[in-house]
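# Inside the fold
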Amino acid sequence: MTAIRGAAAITGAASGIGRALAFELAQRGCDLALADRDEAGLKTLAAEIGSTRKVSIHRVDVGEPDDIAQFANEATSAHPALGIVVNNAGVALMGSFEEIDQAQMDWLFDINFWGVVHGTRAFLPHLKTRSEAHIVNLSSIFGIIAPPGQSAYAAAKFAVRGFSESVRHELAVAGSPVRLSVVHPGGVATAIARNSRTGVGVTDNSRRAQSIERFENAARTTPKDAALRIIRGIEKNEPRILIGNDARFMDLLQRFRPATYWAPLQRKLEKMAKGTAK
């Protein structure tokens, strides 16, 4: 088991799952290096955690490799005992493949995929010096199933999954003290849908409002519950961490019907969005 101790670095820490993780890890005795583009949100979070833990805040755009490299240097200098890294920051983009342009797809990949890769690369040399350490990479249930309208997001989250699984196997073969978990949340009640960008080809403004409403109706897991599940996964060295009954259902359905899961899943999601799922 990986002990929750020392210090943890978290990207996307100012809101959602990252914010909840910061609170839960602090309660378990972790010092924290918190990164986000929202510096005001980080300051508020640090104030709420209080002085019982050492907390450093870092304004970081994970879409910028130099920002991540600087974050790793500052975080490990401020917290020499840092042994947990959570690559959590992520964004969403609404629209079909033909409705999003290449620049938008590049923007999403820079954050959702390359941010994870650069974060892993930047912290790994330090983590390898620890007696035990853990990397947590946030994928999504859309790194297991790929619904229409999520071509960019699903592609990036599938890439996070593949990257993370391969690196985990490499670390194990090398006998490294570093463990790695990849996280697949289902619907978690965060602001990711409200903060999403819209494809340049989307001309129906009502679709955005409908998409947000469907997500919020279906997002049954709280950020705190997601954080607790991730922490349990770290402690147990779980290679794959599924969050929520919806994620577990979709994972099983994809296993049984890998090429034909979408039709029954669409019916299930429509019921969940209406709040009538049984």
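Overview of the structure. (Residues numbered from 1 in each chain as written. Predicted model: local features only at pLDDT ≥ 70, side-chain atom pairs only at ≥ 80, totals over all residues. Heavy atoms only, no water.)

## Quick notes on the overall build of the protein chain
- Along the protein chain, the regular secondary structure elements total ten helices and nine strands.
- Its C-alpha radius of gyration of 18 Å places the protein chain within 12% of the 19 Å reference for a compact globule of 278 residues.
- If you line up the protein chain on its principal axes, its C-alpha atoms span 50 × 40 × 35 Å.
- By the burial criterion, 51% of the 278 residues in the protein chain qualify as buried.
- A separation of at least 24 residues holds for 67% of the contacts in the protein chain among residues at least 6 apart in sequence.
- A total accessible area of about 12900 Å² is found for the protein chain, and carbon and sulfur atoms account for 51% of it.
- Averaging the locations of the 34 positively and 28 negatively charged side chains of the protein chain gives two centres separated by 8 Å. (Helix = DSSP H or I, 4+ residues; strand = E, 2+ residues; numbered from the N terminus. Rg over C-alpha atoms; globule rule 2.2 N^0.38 Å. Buried < 20%, exposed > 50% of the residue type's maximum accessible area, 1.4 Å probe, protein only. Contact = heavy atoms within 4.5 Å. Areas by Shrake-Rupley, 256 points an atom, 1.4 Å probe, with all protein chains shown as cover. Lys, Arg positive; Asp, Glu negative; His and termini not counted. Charge placed at Lys NZ, Arg CZ, Asp CG, Glu CD.)

## Quick notes on the pairing of strand 2 (residues 31-36)
- Most of strand 2 is tucked away, with six of its six residues classed as buried.
- Judged by which residues are buried, strand 2 turns out to be covered on both faces: Asp31, Ala33 and Ala35 on one side and Leu32, Leu34 and Asp36 on the other are all buried.
- Taken together, the five bridges between strand 1 (residues 7-11) and strand 2 define a ladder with parallel strand orientation. Within strand 2, the residue paired with threonine 11 across the bridge is alanine 35. (Pairing = 2+ DSSP bridges.)

## Looking at the sheet that holds strand 2
- A sheet is described by the order of its strands in space; here seven strands give the open sequence 3-2-1-4-6-7-9, paired in parallel fashion. This sheet does not close on itself; its edge strands, each paired only once, are strand 3 (55-59) and strand 9 (240-243). Neighbour-to-neighbour, the strand axes of the sheet open up by a mean angle of 15°, direction not taken into account.
- Set on the sheet, helix 2 (residues 39-49) makes contact with strand 2 and strand 3; between it and strand 3 the angle comes to about 175°.
- Relative to strand 9, helix 8 (residues 223-235) is tilted by about 160°, and along the sheet it contacts strand 4 (82-87), strand 6 (133-138), strand 7 (178-185) and strand 9. (Axes fitted to C-alpha atoms, helices over the stretch in contact; angles between N-to-C directions.)

## What about the environment of methionine 94?
- Mapped onto the elements of the fold, methionine 94 is located in strand 5 (residues 93-94).
- Owing to a relative accessible area of 11%, methionine 94 belongs among the buried residues under this scheme.
- In sequence terms methionine 94 and arginine 207 are 113 residues apart; their C-alpha atoms lie 9.2 Å from each other.

## Focus on the nonpolar core
- By size, the foremost hydrophobic cluster in this structure holds 39 residues, and its most contacted members are Phe71, Leu82, Leu108, Phe123 and Leu127.
- Among the elements that take part in this core, helix 6 (residues 151-173) stands out by supplying seven residues, more than any other.
- Ignoring anything within four residues of it in the chain, the contact list for phenylalanine 71 reads Ala9, Ile10, Thr11, Ala33, Ala35, His58, Val60 and Phe123.
- Listed in part, the 30 residues of the second largest apolar core include Ala20, Leu25, Val183 and Ala226. (Core = buried A, V, L, I, M, F, W, Y, C linked by side-chain atoms within 4.5 Å.)

## Quick word on unusual backbone geometry
- The backbone of asparagine 237 shows a phi angle near 55°, a positive value even though the residue is not glycine.
- Of note, asparagine 237 is situated in the loop between helix 8 and strand 9.
- Look at asparagine 237 and you get partly exposed, because its relative accessible area is 25%.

## What about the pattern of salt bridges?
- Taken as a whole and judged by the stated rule, the model has nine salt bridges.
- Ionic pairing is found between glutamate 24 and arginine 28, a salt bridge with its closest N-O pair at 3.0 Å.
- On the basis of relative accessibility, which here comes to 7%, the residue glutamate 24 falls in the buried class.
- With a closest N to O distance of 3.5 Å, arginine 240 and glutamate 165 form a salt bridge. Pair noted here: arginine 240 is in strand 9 and glutamate 165 is in helix 6, with a separation of 75 residues, a long-range link.
- Each of Arg161, Glu165, Arg240, Asp251 and Arg255 takes part in one network of salt bridges that share partners. (Salt bridge = Lys/Arg side-chain N within 4 Å of Asp/Glu carboxyl O.)

## A look at helix 3 (residues 65-78)
- Spanning 14 residues, helix 3 covers 20 Å between terminal C-alpha atoms, matching the ideal 20 Å at 1.5 Å per step.
- Among the residues making up helix 3, those that are buried are Ile68, Phe71, Ala72, Ala75 and Thr76. Buried residues of helix 3, seen end-on, are gathered within an arc of 115° and therefore sit on one face of the element. Turned more than 90 degrees away from the buried face of helix 3, the exposed residues are Asp66, Asn73 and Ser77.
- Considering only its buried residues, helix 3 is in contact with strand 1, strand 2, strand 3, strand 4 and helix 5 (114-127). (Expected span 1.5 Å × (residues − 1). Arc of directions from axis to C-beta.)

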